[in-house]
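# Fold and contact review
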Amino acid sequence: MCGIVGYTGNEQAAPILLDGLARLEYRGYDSAGLAVRDGEKLAEVVKATGKLYHLADKTDQGRALPGACGIGHTRWATHGDPSMVNAHPHVSGNCSGSGSGQVESDVVGVHNGIIENFTELKEKLLHHGYVFYSDTDTEVVVKLVDYYYKKYKIGPVDAITRTMVRVRGSYALALMFRDYPGEIFAARKDSPLIIGTAQDASFLASDVPAILKYTRSVYYIGNLQVARVSPGQAKFYDLNGDEVALPLTEITWDAAAAEKGGYEHFMLKEIHEQPAAVRDTLNSLVKEGRVVLSDAGLTDDMIRSLTQIDIVACGSAWHVGMAAQYVLEDLACLPVRVELASEFRYRSVPLTEHTLVVVISQSGETADSLAALRVAKERGALTLAVVNVIGSSIAREADHVLYTLAGPEIAVATTKAYSAQLIAMDALAVQMAWVRGTVSQERYEKMLEELCTIPDKIRRILEEKERLQWFSSKIVNAHDIFFIGRGLDYAISLEGSLKMKEISYIHSEAYAAGELKHGTISLIEHNTLVIGVLTQSLLFEKTVSNMMECKSRGAYLMGVTTNGHFDLEDSADFTVYIPKTDEHFVASLAVVPLQLLGYYTSVSRGLDVDKPRNLAKSVTVE
Ligand code: AGP
């Protein structure tokens, strides 16, 4: 989950590379580095540990690094600790000390991904006289390219394709060769990489925000393809070294959408963008009073033929699946399994052509989810991707795609994309129910009407955010927080718990409320915070009882429930109310106070809300 950038043109490269890395820092931020070439001169490499601003300061915002061709990298460590010597770029020659300075090497490169067989390749290269200075898999792959480049005296493209045949794992590589000034070579397998072109300039990046300021014309390089990039031009090759033609795509994003827009953090901005994200996603699906799935390619016959739905995802996207399971089962009367992608990909889950595997992913690049999609296709299932990034790997490889229209999501902790996924799955469930005849026309119309009220109801909740801000200051020193609920409320609790722990670093667990008494309740002690989610009327009293069991053991209770359940205040110490809606769709509302609570708690603790420690926005490694 690193970020890579490249630039070649007639401007100073370093400032452009730093600007691009700053927009990719959410992908990893434990060290960073640049390699820049000034005409025929050798590349100059500069690295720094910690956040990107250390590198910017070290290079005087890039002004100290002359040259119009370069590559850059911001790291989320996979092999080797976050140190100067392990920071990218890496070189084919030897490298003294910190790894900065002019490099007497034929090849210099940056990499996002994991080389799984790097140990055996390292042994091979050591046998051929190579010396290694770092613990990284990236240094191995750069040296392997150099090995083939020298051994067969072939050009960079052939040296790279030979390397790709020997390497196992995932990579987005950007390389510069001493003999090819002004050019950058790239290769991709499973890790994201795009190439942009403009007048007399070309750009490489792991993600669109890094180059949107400079160009909207991008190529999505395919898996196992190589690029040769020069100012204003890009050529592409397959594994045989044969040239291939790729379509040039125009990015329609608004550049401002990738900025904070006056909010203190991207996360707060994106929480407030949820009404629009939900509305835009709904509007893309609901047309003339019905859910239209033809753009996704799902026909009524396909829907009628289904006997099983498997939802496969990671993290918050998996939580969306957990919520969608209750809705789909209840409305469409279909058996639904929800699987963690990292587990699904290694299990022997029986699938048939009547199984619909739904892969949910904001980035569309999550390695486990992409691998699970491939397994599902190999086993003959019908696959549907629900993704937020157009042209992402999962979107391109699934049989059918349903795009959420949340816009670029920068904060590592997802909010608006989660909400957009939720509403998309709700709309899918309603349509499936109608097609399969499990709901009446009248109920179908009433549910669609209710779905369209969700954006405004989210907006109303956001207007009450000060109460969550106040309460967060009371829990800033909590050590353990439990989120509990039953049915759909349990699924909502899962997301509330992840939001809290991933950005405030407070240990938190989500628990099915009815399960607490089977062991975990032993952890409840004086002042332990227990947050109950109570939106399902048939389960309300039961969850209250579970909360009271905790209170009798010293717990402090917070409750999230719908307007009207004012009796909750007799039990809970702090209660948050959300507008009423069809109980199938209430997750889109109940999650908002929990997002705000996590956000404000993180701010109260003085933490980096948008870039929490140890995390990255898109987990493109196993
Ligand atoms: C959510 O706040 C986390 N950042 C993380 O769990 C995320 O949802 C997960 O990594 C899946 O990412 P994806 O939706 O891009 O596949």
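So, a few notes on the structure that sits alongside this text. (Residues numbered from 1 in each chain as written. Predicted model: local features only at pLDDT ≥ 70, side-chain atom pairs only at ≥ 80, totals over all residues. Heavy atoms only, no water.)

Before going further, it helps to spend a moment on the packing of helix α15 (residues 454-462) against helix α19 (residues 587-604). Contact geometry of α15 with α19 gives a least axis separation of 9 Å together with a crossing angle of 30°. With respect to α19, the axis of α15 lies roughly parallel. The element α15 and its partner α19 pack so that their crossing is right-handed. Of the residues in α19, those touching α15 at Ile-454, Lys-457, Ile-458, Ile-461 and Leu-462 are Ser-588, Leu-589, Val-592, Pro-593 and Leu-596. Looking at the contact of α15 with α19 residue by residue, the class counts come to eight nonpolar, one polar and one charged. (Axes fitted to C-alpha atoms, helices over the stretch in contact; angles between N-to-C directions. Helix = DSSP H or I, 4+ residues; strand = E, 2+ residues; numbered from the N terminus. Parallel < 35°, antiparallel > 145°, perpendicular 65-115°, else oblique. Left-handed = near helix turned anticlockwise from the far one by under 90°. Contact = heavy atoms within 4.5 Å. Nonpolar A, V, L, I, M, F, W, Y, C, P; charged D, E, K, R; others polar.)

Before going further, it helps to examine the sheet that holds strand β7 (residues 107-115). What holds strands together in a sheet is hydrogen bonding between their backbones, with the strands either parallel or antiparallel. Read from one edge of the open sheet, seven strands run β5-β7-β8-β9-β13-β14-β15, paired in antiparallel fashion. Across the chains shown, the open sheet's two edge strands, defined by having one partner strand only, are β5 (90-91) and β15 (243-244). Strand direction decides the pairing type here: strand β13 (residues 225-230) and strand β14 (residues 233-237), joined by five bridges, are antiparallel. Residue Ala-227 lies in a different strand from β14, and its bridge partner there is Phe-236. Here helix α4 (residues 137-151) sits on the sheet in contact with β5, β7 and β8 (169-177), set at roughly 125° to β7. (Pairing = 2+ DSSP bridges.)

Okay, the site of the ligand next. Looking at the ligand, there are 15 residues lining it, with Ser-361, Gln-362, Ser-363, Thr-366 and Glu-502 nearest. Interatomic distance of 3.0 Å between a backbone N/O atom of Thr-414 and an oxygen atom of the ligand. Expressed as a share of its isolated accessible area of 410 Å², the protein-covered part of the ligand is 91%. Those elements giving two or more residues to the shell around the ligand turn out to be α9 (315-332) and α17 (488-504). Grouping the amino acids of the shell around the ligand by side-chain chemistry returns six nonpolar, seven polar and two charged. (Near = heavy atom within 4 Å. Polar contact = N/O pair within 3.5 Å; in protein donor to acceptor, adjacent residues only side chain to side chain. Areas by Shrake-Rupley, 256 points an atom, 1.4 Å probe, with all protein chains shown as cover.)

What follows is about the sheet that holds strand β20 (residues 336-340). Strand order across the open sheet formed by five strands is β20-β19-β21-β22-β23, with parallel pairing between neighbours. In this open sheet, the two edge strands, each paired with only one partner strand, are β20 and β23 (400-403). In this sheet, neighbouring strand axes are inclined to one another by 20° on average, regardless of whether the strands run parallel or antiparallel. Note: strand β22 (residues 382-387) against β23, four bridges, orientation parallel. Looking across to β23, one finds that Val-386 is bridged to Leu-402. In the packing of α9 onto the sheet, contacts are made with β19 (308-313), β20 and β21 (355-361), and the angle to β20 comes to roughly 175°.

So, about a nonpolar patch on the surface. Together, Val-165, Leu-224 and Leu-239 give the surface a local cluster of nonpolar side chains, amounting to about 230 Å² of exposed area. Taking the relative accessible area as the measure of exposure, Val-165 reaches 59% and is therefore exposed. (Patch = residues over 30% accessible without salt bridge, like charges linked within 9 Å, V, L, I, M, F, W, Y side chains within 5 Å. Salt bridge = Lys/Arg side-chain N within 4 Å of Asp/Glu carboxyl O. Buried < 20%, exposed > 50% of the residue type's maximum accessible area, 1.4 Å probe, protein only.)

Our focus in this paragraph is α4. For α4, which comprises 15 residues, the first-to-last C-alpha distance of 21 Å matches the rise-based estimate of 21 Å (1.5 Å per residue) to within 8%. In terms of burial, α4 is a largely internal element, 13 of the 15 residues being buried. At the exit of α4 stands Lys-153, carrying a positive phi of roughly 45°. (Expected span 1.5 Å × (residues − 1).)

So, on to the packing of helix α13 (residues 416-435) against helix α14 (residues 441-451). Between α13 and α14, the shortest axis-to-axis distance is 10 Å and the interhelical angle comes to 170°. Here α13 lies roughly antiparallel to α14, going by the angle between them. In this structure, α13 contributes Ile-423, Asp-426, Ala-427, Val-430, Gln-431 and Trp-434 to the contact, and α14 contributes Gln-441, Tyr-444, Met-447, Leu-448 and Leu-451. Its residues placed into classes, the contact of α13 with α14 shows eight nonpolar, two polar and one charged.

Turning our eyes to something else, we now look at the side chain of Gln-362. Topologically, Gln-362 is positioned in the loop between β21 and α11 (367-378). Those residues in contact with Gln-362 that lie beyond four places of it in its chain are Val-387, Asn-388, Val-389, Glu-409, Ala-417, Gln-421 and Lys-617.

Turning our eyes to something else, we now look at the side chain of Thr-366. Its location among the elements puts Thr-366 in the loop between β21 and α11. Overall, the relative accessible area of 13% leaves Thr-366 in the buried class. Side chain to side chain, Thr-366 and Ser-363 meet in a polar contact 3.4 Å long. Excluding anything up to four places from it in sequence, Thr-366 contacts Cys-314, Ser-361, Ile-394, Ser-618 and Val-619.

Before going further, it helps to examine a negative patch on the surface. Negative charge collects at one region of the surface, where Glu-541, Asp-567, Glu-569 and Asp-570 lie side by side. Structurally, Asp-567 is set in the loop between β27 (556-562) and β28 (574-578). (Lys, Arg positive; Asp, Glu negative; His and termini not counted. Charge placed at Lys NZ, Arg CZ, Asp CG, Glu CD.)

Counted by the stated rule, this structure contains 16 aromatic pairs. Taken together, a centroid distance of 6.3 Å and an interplanar angle of 20° make the contact between Phe-471 and Tyr-556 stacked. Here the residue Phe-471 occupies a position in helix α16 (residues 465-474), and Tyr-556 occupies one in strand β27, the gap between them amounting to 85 residues. Here Phe-471 falls in the buried class, since its relative accessible area comes to 1%. Taking relative accessible area as the criterion, Tyr-556 reaches 31% and is therefore assigned partly exposed. Summarising the aromatic geometry, the rings of Tyr-599 and Tyr-600 are spaced 5.1 Å apart at their centres and angled 70° between planes, so their arrangement reads as edge-to-face. Assessed through its relative accessible area of 7%, Tyr-600 is described here as buried. Linked through ring pairs, Tyr-149, Phe-177, Tyr-180 and Phe-185 together constitute an aromatic cluster. Lying across the ring of Phe-132, Lys-143 places its NZ or CZ 5.3 Å from the centre. Sitting over the face of the ring of Tyr-152, Arg-162 holds its NZ or CZ atom 3.9 Å from the ring centroid. (Phe/Tyr/Trp six-rings, centres within 6.5 Å; stacked < 30°, edge-to-face > 60°. Lys NZ or Arg CZ within 6 Å of the ring centre and 35° of its normal.)

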